[in-house]
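# Report on the structure
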Amino acid sequence: MPELNTQPLALRRDGSMSGDAFDRAAMRSYTWRMSEGLSTDLANAYQDFGGDPTAFADRMDEIQANYLQDPNMRDPEIREAFQKNFSRQSRGYRMKVASQQETLLRQEEVAAAEGAIDARERDLERQAHALGANGDGDQILTEHLQQSQQMVDAAVDAGTLSPLQGQRKKEKLAKVATRGRVQGVFDALETPAQKEQFALSLLEDWQAGEGPLAQLDYATVKSLSQSLYRDARALGNKQDADARLQKGKLKDLLQDDIASIEKTGRPLDLEAAGFSEEAIAASLTPEENQAWQDSREIAGEIYDAVVDMDMLPADDIEARLDGLEPEPGAPGFRDQEGILAAAEKKAKEVLTLRSKDPARAVEETFDQVAELAELADPENPETMIALVNGRLDAQRALDIPELGQMPLTLVEATDLARAIMSGDAKGQADATRELVGQVQGAYGPHAGKVLTQVLQVRGVDRELADYGSALFIKLARQERPSAGELRQAGINQEIGAAEASFNSGVTPGTQPVPSYEAIQLLIAQPELAPQFDEKYGKGYAARLLDGQLEDPHRRKVEGGVEFVDETGEGFIPDE
């Protein structure tokens with residue numbers, strides 16, 4: 001609070017004209033100073049407390065009391081002049097503060113009323129939607145709407161809302177309630193077709209003037225009808241697209257299911273893949289469902305027809321195929337033809353693999369043989385011999401002919417053959433000797449069969465390969481085959497091919513070997529050497545004539561020479 005000037009006015013109060021004039025002048029001067037200070041104090045009070053009527057009134061009382069403490073206020077005229085001045089100067093501020101408070105109170109009242117009406121509006125919309133397809137929904141909704149509109153009328157009567165504001169609020173309540181009711185019914189319908197029909201029926205209901213729709217104008221109802229119809233069409237299109245996608249996925253799974261039954265005898269777990277029996281029934285037409293069931297049945301019969309075919313001898317396979325021959329004119333002839341075709345295809349695969357690669361065939365068929373293959377170690381002959389024993393036993397169990405039985409898979413035999421097919425003559429000879437040693441060490445009693453298969457891979461006839469493998473083994477031990485062994489072979493070509501692989505590097509089975517007559521003719525007529533080399537290899541005649549190459553038809557033995565000519569085996573004693 002400002003400090004007051006408490007110095008008393010020196011008024012004369014003597015009743016004289018000059019005294020009265022002096023007193024009036026002194027009082028006017030005091031009043032002006034007081035008015036100036038009061039104006040400042042009131043302005044500051046309004047600035048600080050104008051928004052709080054109670055605090056402002058308290059401040060006014062403090063200011064007035066402060067001024068009344070002035071000793072000069074004891075003078076009745078000065079006191080009266082102050083009271084009039086205070087009342088006049090503070091009136092505007094008091095009215096402004098009161099007006100602001102009234103406005104604020106009205107704003108709060110309107111806000112409270114509108115908040116309550118808005119909350120009722122939201123509740124009305126939720127209740128309208130929740131009624132959904134309830135048969136009594138229209139009646140229940142009408143009662144709620146009337147209660148809400150009565151709330152608006154009460155606010156208008158209280159002056160909180162103007163009549164125009166009230167009318168707009170009531171119209172909005174009706175529109176919100178109706179939209180909520182219509183949307184609730186729309187959402188409660190199950191199919192897009194039902195939703196479309198409902199959307200189209202709104203205008204008919206409006207024209208009948210029944211239910212909540214009657215409170216809306218034509219344009220609003222038409223817009224609502226069109227909006228819901230588009231929503232229904234969009235939902236229908238989406239459901240159709242989802243159904244097509246789901247059906248496509250289901251059809252793929254059903255194909256996998258049929259393939260699984262045909263391959264393993266077991267169906268897929270369709271429920272684990274997201275398709276229950278109900279979902280499958282809903283996605284497929286009765287005809288599609290029946291076709292699937294029929295296909296499953298056929299797949300099971302195919303599985304039964306081929307499940308153990310790779311374990312059957314060829315005769316049993318043939319007998320099974322005969323048993324699958326469909327009976328002409330019998331029901332299901334076409335399906336039985338399909339089953340037979342699948343079985344014939346499997347039989348062809350089985351028999352073809354046995355013919356080309358019997359060792360691999362039994363390894364893929366019998367778990368015991370596969371386990372032996374897993375344990376086989378080239379550094380451990382026992383495991384290699386056990387593997388070959390297992391393979392040959394299994395091939396015999398399948399009645400594979402002896403000439404068709406193989407100790408090695410085609411890949412294994414090819415790898416061994418490749419080792420002696422590259423490099424120069426000396427390299428091939430060294431590789432052959434090394435191969436024979438490795439085969440004997442790794443396969444023991446099966447070495448002959450293994451070498452026979454290696455020669456076959458290189459294109460040698462099976463019968464020749466059998467003799468060649470035995471000769472290879474003898475040559476690797478630096479032993480010469482006997483004349484009897486040569487005569488048993490029935491040919492001279494194989495021994496020449498074997499020796500050529502050690503001495504000249506000529507690949508067995510690719511270079512002709514000279515016959516007995518050809519060698520005798522060369523000895524008798526050395527001028528035929530060029531023709532001899534052209535046929536049997538460059539330098540062959542010279543080495544043979546110079547004694548660098550031993551005559552493959554003669555062998556020096558104790559007491560003479562053994563020979564084989566066109567008449568058979570003979571002996572020439574030493575002279």
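On to the overall build of the chain, then. A tally of helices and strands in the chain yields 23 helices and three strands. Within the span of the chain, comprising 575 residues, buried residues form 35% of the whole. Working note: accessible area of the chain is about 33200 Å², and carbon and sulfur atoms make up 50% of it.

The next point concerns the confidence of the model for the chain. Put simply, the chain has an average pLDDT of 79, and 78% of its residues get 70 or more. Model confidence for the chain, summarised as mean pLDDT per element, is weakest for helix 20 (residues 493–503) at 41 and strongest for helix 13 (residues 367–375) at 95. Overall, residues 486–510 carries pLDDT values under 50, and its contacts beyond four positions in sequence, including any with other chains, amount to 48 contacts.

Phi at Asp 399 takes a positive value of approximately 60°, unusual for a residue other than glycine. Along the chain, Asp 399 falls in the loop between helix 14 (381–397) and helix 15 (410–418).

Turning our eyes to something else, we now look at the packing of aromatic side chains. How two aromatic rings sit relative to each other is set out by the distance from centre to centre and by the angle between their planes. Within the structure shown, the criterion is met by five aromatic pairs. Between Tyr 67 and Phe 82, the ring centres sit 5.6 Å apart and the planes meet at 25°, which makes this aromatic pair stacked. Remark: Phe 82 occurs in helix 3 (residues 76–131) and Tyr 67 occurs in helix 2 (residues 53–68); sequence separation between them is 15 residues. Following the ring pairs from residue to residue traces out a cluster consisting of Tyr 46, Phe 56 and Tyr 93. Directly above the ring of Phe 186 sits Lys 195, whose terminal nitrogen or CZ lies 4.7 Å from the centroid.

The next subject is helix 12 (residues 358–365). Taken together, the buried positions of helix 12 are Pro 358, Ala 359, Ala 361, Val 362 and Thr 365. Taken around the axis of helix 12, the buried residues stretch over an arc of 160°, which confines them to a single face. Tucked inside the fold, the buried residues of helix 12 contact helix 11 (333–356), helix 13 and helix 14.

It is worth spelling out the side chain of Asn 85 at this point. Mapped onto the elements of the fold, Asn 85 is located in helix 3. The buried category is assigned to Asn 85, whose relative accessible area is 3%. Each residue touching Asn 85, except ones within four places of it in the same chain, is listed here: Thr 31, Met 34, Ser 35 and Leu 38.

Examined against the element boundaries, Asp 357 turns out to sit in the loop between helix 11 and helix 12. One buried charged residue, Asp 357, forms no salt bridge at all, with the nearest opposite charge on Arg 360 at 4.7 Å. When near neighbours in sequence (up to four residues on either side) are disregarded, Asp 357 contacts Leu 408, Thr 409 and Leu 410.

We now examine the packing of helix 6 (residues 192–208) against helix 7 (residues 218–264). For the pair helix 6 and helix 7, interaxial distance at closest approach is 8 Å and the crossing angle is 170°. It follows that helix 6 is roughly antiparallel to helix 7 by the angle criterion. Facing Pro 192, Lys 195, Glu 196, Phe 198, Ala 199, Leu 200, Leu 202, Leu 203 and Trp 206 of helix 6, the residues of helix 7 in contact are Tyr 218, Val 221, Lys 222, Leu 224, Ser 225, Leu 228, Tyr 229, Ala 232, Arg 233, Leu 235, Gly 236 and Gln 239. For the contact of helix 6 with helix 7, the per-class residue count stands at 14 nonpolar, three polar and four charged.

As enumerated under the stated definition, the model contains 15 salt bridges in all. Linking Glu 62 and Arg 59 is a salt bridge whose minimum nitrogen-to-oxygen distance equals 2.9 Å. In this pair, Glu 62 and Arg 59 are both assigned in helix 2, three residues apart and thus about one turn of the helix distant. Given a relative accessible area of 43%, Glu 62 falls into the partly exposed group. Measuring nitrogen to oxygen at the nearest pair gives 3.6 Å for the salt bridge that ties Lys 251 to Glu 288. Taken together, the residues span a long stretch of sequence, with Lys 251 in helix 7 and Glu 288 in helix 9 (residues 286–306) at a distance of 37 residues. Judged by its relative accessible area of 24%, Glu 288 is partly exposed. The network of salt bridges with common partners includes Lys 247, Lys 251 and Glu 288.

Turning to the environment of Asp 41, a few remarks are in order. Relative to the helices and strands, Asp 41 is located in helix 1 (residues 17–49). The sequence separation of Asp 41 and Met 60 amounts to 19 residues, and the corresponding C-alpha distance is 9.1 Å.

This part takes up the nonpolar core. A general tendency of soluble globular proteins is for nonpolar side chains to be buried together. Grouped together as the largest cluster of nonpolar side chains are 17 residues, with contacts concentrated most on Leu 408, Leu 435, Val 439, Tyr 443, Val 450, Leu 451 and Val 454. For this core, the elements supplying multiple residues, two or more each, are helix 14, helix 15, helix 16 (425–443) and helix 17 (447–457). With six residues, helix 16 is the single largest residue contributor to this core. Within the second largest apolar cluster, 14 residues are counted, among which are Met 34, Ile 63, Tyr 67 and Ile 78.

Turning our attention to the packing of helix 10 (residues 314–323) against helix 11. In contact at an axis separation of 10 Å, helix 10 and helix 11 are set at 170° when each is read in the N-to-C sense. When the axis of helix 10 is compared with that of helix 11, the two are roughly antiparallel. Seen from helix 10, the contacting residues are Ala 314, Ile 317 and Leu 321; seen from helix 11, they are Leu 340, Ala 343, Glu 344, Ala 347, Val 350, Leu 351 and Arg 354. Of the residues that constitute the contact of helix 10 with helix 11, the class distribution is eight nonpolar, no polar and two charged.

Looking now at a negative patch on the surface. The grouping of Asp 315, Asp 316, Glu 318, Asp 322, Glu 325, Glu 337, Glu 344 and Asp 399 at the surface amounts to a negative patch. The element best represented in the negative patch is helix 10, accounting for four residues. With respect to the element layout, Glu 325 can be found in the loop between helix 10 and helix 11. Its relative accessible area of 46% is what places Glu 325 among the partly exposed residues.

Quick notes on the rules
Residues numbered from 1 in each chain as written. Predicted model: local features only at pLDDT ≥ 70, side-chain atom pairs only at ≥ 80, totals over all residues. Heavy atoms only, no water. Helix = DSSP H or I, 4+ residues; strand = E, 2+ residues; numbered from the N terminus. Buried < 20%, exposed > 50% of the residue type's maximum accessible area, 1.4 Å probe, protein only. Areas by Shrake-Rupley, 256 points an atom, 1.4 Å probe, with all protein chains shown as cover. pLDDT = per-residue confidence, 0-100. Contact = heavy atoms within 4.5 Å. Phe/Tyr/Trp six-rings, centres within 6.5 Å; stacked < 30°, edge-to-face > 60°. Lys NZ or Arg CZ within 6 Å of the ring centre and 35° of its normal. Arc of directions from axis to C-beta. Lys, Arg positive; Asp, Glu negative; His and termini not counted. Salt bridge = Lys/Arg side-chain N within 4 Å of Asp/Glu carboxyl O. Axes fitted to C-alpha atoms, helices over the stretch in contact; angles between N-to-C directions. Parallel < 35°, antiparallel > 145°, perpendicular 65-115°, else oblique. Nonpolar A, V, L, I, M, F, W, Y, C, P; charged D, E, K, R; others polar. Core = buried A, V, L, I, M, F, W, Y, C linked by side-chain atoms within 4.5 Å. Patch = residues over 30% accessible without salt bridge, like charges linked within 9 Å, V, L, I, M, F, W, Y side chains within 5 Å. Charge placed at Lys NZ, Arg CZ, Asp CG, Glu CD.

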